[in-house]
Amino acid sequence: MLAEKTLIILSIIILLVGCATTTKVERINSPHKSNEKNCDINFYKDTKPSKSYEIIGKIESHIKKNLFFGGIVQLEDEAYSELRLKACDLGGDSVVIDDYIETSAAEMSHIHVWATVLKLTTKNAN
Amino acid sequence: MLKIKKPVALLIASFSSLVILSGCAGVQVSKFTFDDSFKVNKPMKGEKCYDASVLLGVNLNRARDITKKVLVAVDSTITEETDTLIKAQRNRHIGLFVGSGGEELSVKLKKTGESETFTTVATKTGFVGGAGQKAWSCQIVDEMVKMVQK
């Protein structure tokens, strides 16, 4: 009985203090066919693709994570996963990180990222 | 009637004291005023970072856009907005040991040239959840400068 109660309380705490993601997606131009859920996405942090491309979307995402339930939120980890998911859905193949801000307060760490989703137009040009 | 064992009661009492003792800190209005000593995109920071300012090398509209972007990114909700003043409050979070959020952030913008905006950022921490609150002014001006320089 006590174990059950403890488990319920722990689950509630984890739900309340765990992690959360809020993402806004803006589709640009005509819609493209979505890729499979975990498709291959090339990330560009301080550069842009050298091939010609079409901008197909903008993503803004805020991810927060509790230090005691998974550690510190990372751009290349949680943020890239979220961006990959949304970029695949938009039918993109590359994501450019426009900007990101990392913050932390008490147990919580946050990352806010702005990104542009691209579809390369010369991908199979060779 | 809820019965609480002595060690648990002690733990709750000391934790409550920590939250209460942390109290209020910071400033509601920045003490920085514009003068010739300010250099473009070089932040000036007050003690403990409750107060900071910077002369941003962009016009007022761009400075306002950057301010809103940074405030949202540091997990705040904008509560008041005019052409030259933006107020926000950090979102509250329940923590396992210490919650966070609730700090009041106040950003003032003043046009000092066609592409220069004097910006001050003040942080005021509150009574409730004070233990998990912190001064944000320095990080906010630093992030603003990074965005201006991109």
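Residues numbered from 1 in each chain as written. Chains lettered and ligands numbered in written order. Predicted model: local features only at pLDDT ≥ 70, side-chain atom pairs only at ≥ 80, totals over all residues.

1. Quick look at the overall build of chain B
Step number 1: When helices and strands are tallied, chain B shows three helices and seven strands.
Step number 2: Listing the helices and strands of chain B from first to last along the sequence gives α-β-β-β-α-β-β-β-β-α.
Step number 3: The proportion of buried residues among the 150 residues of chain B is 40%.
Step number 4: Here the analysis covers contacts within chain B between residues at least 6 apart in sequence; of these, 58% occur between residues at least 24 apart. (Helix = DSSP H or I, 4+ residues; strand = E, 2+ residues; numbered from the N terminus. Buried ≥ 20, exposed ≤ 12 C-beta atoms within 10 Å, placed from the backbone. Contact = placed C-beta atoms within 7 Å.)

2. Some details on the nonpolar core
Step number 1: Counting 27 residues, the largest nonpolar core has Val70(B), Val74(B), Val121(B), Ile140(B), Val141(B) and Met144(B) as its most contacted members.
Step number 2: For this core, the elements supplying multiple residues, two or more each, are strand E3 (51–56), helix H2 (60–73), strand E5 (85–90), strand E6 (104–113), strand E7 (116–125) and helix H3 (137–149) of chain B.
Step number 3: By residue number, the principal contributor to this core is H2(B), which donates six residues.
Step number 4: For Val74(B), the residues in contact, after removing those within four places along its chain, are Ile101(A), Thr103(A), Arg90(B), Trp136(B), Gln139(B) and Ile140(B).
Step number 5: Ile63(A), Leu90(A), Val95(A) and Val117(A) belong to the second largest nonpolar core, which has 16 residues in total. (Core = buried A, V, L, I, M, F, W, Y, C linked by C-beta atoms within 7 Å.)

3. Looking at the sheet that holds strand E5 (residues 108–120) of chain A
All names here are of chain A.
Step number 1: Strand order in the open sheet made by the five strands is E1-E3-E5-E4-E2, with mixed pairing throughout. Edge positions in the sheet fall to strand E1 (19–27) and strand E2 (42–44), since each has one partner strand and no second. Sheet twist, expressed as the average angle between the axes of neighbouring strands with direction ignored, equals 25°.
Step number 2: With nine bridges connecting them, E1 and strand E3 (residues 53–66) associate as antiparallel partners. Paired with Thr 22 across the strands is His 62, a residue of E3.
Step number 3: With respect to the sheet, helix H2 (residues 75–90) is in contact with E1, E2, E3, strand E4 (94–105) and E5, its orientation differing from that of E3 by roughly 140°. (Pairing = 2+ DSSP bridges. Axes fitted to C-alpha atoms, helices over the stretch in contact; angles between N-to-C directions.)

4. What about the interface of chain A and chain B?
Step number 1: At the interface, 15 residues of chain A touch 18 residues of chain B.
Step number 2: Where the side of chain A that touches chain B is concerned, the elements lending two or more residues are helix H1 (2–17), E3, E4 and E5 of chain A.
Step number 3: Residue contributions to the side of chain A that touches chain B peak at four residues, all from E4(A).

5. Side note on the confidence of the model for chain A
Step number 1: Confidence in the prediction of chain A, expressed as mean pLDDT, is 87, and 87% of residues score 70 or more.
Step number 2: Per-residue pLDDT, averaged within each element of chain A, yields its smallest value for H1(A) (65) and its largest for E2(A) (97). (pLDDT = per-residue confidence, 0-100.)

6. Looking at the pairing of E3(B)
Regular strands place their side chains on alternate faces of the sheet.
All names here are of chain B.
Step number 1: Burial runs high along E3: six of the six residues are buried.
Step number 2: Burial of E3 is two-sided: the residues Asp 51, Ser 53 and Leu 55 facing one way and the residues Ala 52, Val 54 and Leu 56 facing the other way are all buried.
Step number 3: Sheet analysis places strand E2 (residues 44–45) next to E3, joined by two bridges and oriented antiparallel. Bridge pairing in E3 places Lys 45 opposite Ala 52.
Step number 4: Taking the residues that link successive antiparallel strands as the turn, the E2-E3 hairpin has five residues, and the phi of Lys 48 there is positive, at about 65°.
Step number 5: Where E3 and E7 come together, six bridges link them in antiparallel fashion. Of the residues in E7, the one forming a bridge with Leu 56 is Thr 117.

7. Considering the confidence of the model for chain B
Step number 1: For chain B, the mean per-residue pLDDT works out to 87, and 85% of the residues sit at or above 70.
Step number 2: Across the whole predicted complex the pTM is 0.81, and at the interface the ipTM reaches 0.77.

8. Overview of the environment of Leu120(A)
Residue and element names in this part refer to chain A.
Step number 1: Looking at the secondary structure, you find Leu 120 in strand E5.
Step number 2: Classification of Leu 120 as partly exposed rests on a count of 17 C-beta atoms within 10 Å.
Step number 3: Separated by 66 residues in sequence, Leu 120 and Glu 54 have C-alpha atoms that sit 6.3 Å apart.
Step number 4: Apart from the residues lying within four places of it in its own chain, the contact partners of Leu 120 are Pro 49, Lys 51, Tyr 53, Asp 93 and Ser 94.

9. Considering unusual backbone geometry
All names here are of chain B.
Step number 1: Unusually for a residue other than glycine, Cys 49 sits at a positive phi of about 65°.
Step number 2: You can call Cys 49 partly exposed: it has 18 C-beta atoms within 10 Å.
Step number 3: Positioned with a positive phi, Asp 75 is a non-glycine residue whose angle comes to about 65°.
Step number 4: Inspection of the secondary structure puts Asp 75 in the loop between H2 and strand E4 (76–81).

10. Points about H2(B)
Residue and element names in this part refer to chain B.
Step number 1: Over its 14 residues, H2 extends 20 Å from the first C-alpha to the last, a length consistent with the 20 Å expected when each residue adds 1.5 Å.
Step number 2: Those residues of H2 that fall on the buried side of the exposure criterion are Leu 60, Ala 63, Arg 64, Ile 66, Thr 67, Val 70, Leu 71 and Ala 73.
Step number 3: One or two steps after H2, the chain reaches Asp 75, where phi turns positive at roughly 65°. (Expected span 1.5 Å × (residues − 1).)

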